[in-house]
Amino acid sequence: MAFDELTVRADEASRRADEAYRHLESRYDAFLERERHKRVSRRRFSTLVDRIRTSGAPYGAHTIVYRSSGELLLVRHDGVDLWVLPGGGVDSDESFAEAARRELDEEAGIDVSYEGLAMVSTVEIETRGYRTRGVLPIFAARAESVEPEIADPDDEISAARWFSRLPDDTRDRDDLVAWRREYL
């Protein structure tokens, strides 16, 4: 493996992710643990390393919003052309929970009661000759209002809908099915 500036940054990112995971583990009681593996281009790897070095999370923080009927709220992310959980990047002055709340408000504008951490995925990321890891915290929230209202400043979200059966083109569908089966 090459030892260069990217290797050093990737190692720093992995250490930051470990710190973030330990913090989540000490703050929240029970949550589902998952593992993900992503192979990305070197350019994307560098971008993700920088995000992880800042917050520990390559893809930010997200929220599983559910109704008592078991329906889940998903948003249509045009950038990836998939149904996804509301969520996104963590600003430097935010906790994971604060980022998840802000992103939910922007992407779905729905009132919820947060119930804690639903799931944490450890994300192993690699590109040719380089590896790092990050965490993906996903919080659980029960819906208090019914109709979503999008106010996305990034203009990436084109729809927000409730689903009793998750669409085939749902990102991380298996993780959501596993969570719903265990907790709802």
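See the structure printed just above.
This is a predicted model, so every value here is computed, not measured.

Within the protein chain one finds four helices and eight strands. Listing each helix as α and each strand as β along the protein chain from the N terminus yields α-β-α-β-β-β-β-α-β-β-β-α. Taking 16 Å as the expected radius of gyration for a compact globule of 184 residues, we find that the protein chain reaches 16 Å, a close match to that expectation. In the protein chain, which comprises 184 residues, the proportion classed as buried is 49%. In the form shown here, the protein chain has an accessible surface area of approximately 9,600 Å², with 41% of it arising from carbon and sulfur atoms. Taking the average place of the 28 positive charges on the side chains of the protein chain and the average place of its 39 negative ones, the gap between the two points comes to 6 Å.

Following the criterion strictly, the structure yields 20 salt bridges and no others. Among the ionic pairs, Asp172 bridges to Arg36, the shortest N-O distance being 2.7 Å. Residue Asp172 is found in the loop between strand E8 (157-163) and helix H4 (173-183), and its partner Arg36 is found in strand E1 (residues 32-39); the two are separated by 136 residues along the sequence. Accessibility expressed as a relative area gives 27% for Asp172, which makes it partly exposed. For Arg36, a relative accessible area of 9% corresponds to the buried category. Two residues, Arg53 and Asp50, come together in a salt bridge whose shortest N-O distance is 3.6 Å. Of this pair, Arg53 and Asp50 both sit in helix H2 (residues 42-55), three residues apart, roughly one helical turn.

Our next topic: a negative patch on the surface. On the surface, a cluster of negative charge is made up of Asp78, Asp154, Asp155 and Glu156. Its location among the elements puts Asp154 in the loop between strand E7 (130-143) and E8. Relative accessible area serves as the criterion here: at 48%, Asp154 is assigned to the partly exposed category.

Right, let's talk about H4 for a bit. If you check which residues of H4 are buried, you get Asp175, Leu176, Ala178, Trp179 and Arg180. On the buried face of H4, the contacting elements are E1, strand E2 (61-66), strand E3 (72-77), strand E6 (112-127), E7 and E8.

What follows deals with the packing of aromatic side chains. Per the counting criterion, the structure on display carries six aromatic pairs. Judged by centre distance (6.0 Å) and plane angle (55 degrees), the ring pair of Tyr66 and Trp179 falls under tilted. Here the residue Tyr66 occupies a position in strand E2, and Trp179 occupies one in helix H4, the gap between them amounting to 113 residues. Here Tyr66 and Trp179 have matching classes, each one buried. Aromatic rings pair up to connect Tyr66, Trp179 and Tyr183 into one cluster.

Turning our attention to the packing of helix H1 (residues 5-27) against H2. Remark: H1 packs on H2, axes separated minimally by 8 Å, with the N-to-C direction vectors making an angle of 45 degrees. Here H2 runs oblique to H1, going by the angle between their axes. Here H1 runs over H2; the crossing is left-handed. Across the interface between the two elements, Leu6, Arg9, Ala10, Glu12, Ala13, Arg16, Ala17 and Ala20 from H1 touch Arg42, Phe45, Ser46, Val49, Asp50, Ile52, Arg53, Thr54 and Ser55 from H2. Broken down by class, the residue content of the contact of H1 with H2 amounts to eight nonpolar, three polar and six charged.

What follows deals with the environment of Gly89. Among the structural elements, Gly89 can be located in the loop between strand E5 (87-88) and helix H3 (96-107). With 18 residues separating them in the primary sequence, Gly89 and Glu71 have C-alpha atoms 25 Å apart. Discounting residues that sit within four places of it in the chain, Gly89 has contacts with Gly60, Glu94, Ala99, Arg102 and Glu103.

The rules behind the values
Residues numbered from 1 in each chain as written. Predicted model: local features only at pLDDT ≥ 70, side-chain atom pairs only at ≥ 80, totals over all residues. Heavy atoms only, no water. Helix = DSSP H or I, 4+ residues; strand = E, 2+ residues; numbered from the N terminus. Rg over C-alpha atoms; globule rule 2.2 N^0.38 Å. Buried < 20%, exposed > 50% of the residue type's maximum accessible area, 1.4 Å probe, protein only. Areas by Shrake-Rupley, 256 points an atom, 1.4 Å probe, with all protein chains shown as cover. Lys, Arg positive; Asp, Glu negative; His and termini not counted. Charge placed at Lys NZ, Arg CZ, Asp CG, Glu CD. Salt bridge = Lys/Arg side-chain N within 4 Å of Asp/Glu carboxyl O. Patch = residues over 30% accessible without salt bridge, like charges linked within 9 Å, V, L, I, M, F, W, Y side chains within 5 Å. Contact = heavy atoms within 4.5 Å. Phe/Tyr/Trp six-rings, centres within 6.5 Å; stacked < 30°, edge-to-face > 60°. Axes fitted to C-alpha atoms, helices over the stretch in contact; angles between N-to-C directions. Parallel < 35°, antiparallel > 145°, perpendicular 65-115°, else oblique. Left-handed = near helix turned anticlockwise from the far one by under 90°. Nonpolar A, V, L, I, M, F, W, Y, C, P; charged D, E, K, R; others polar.

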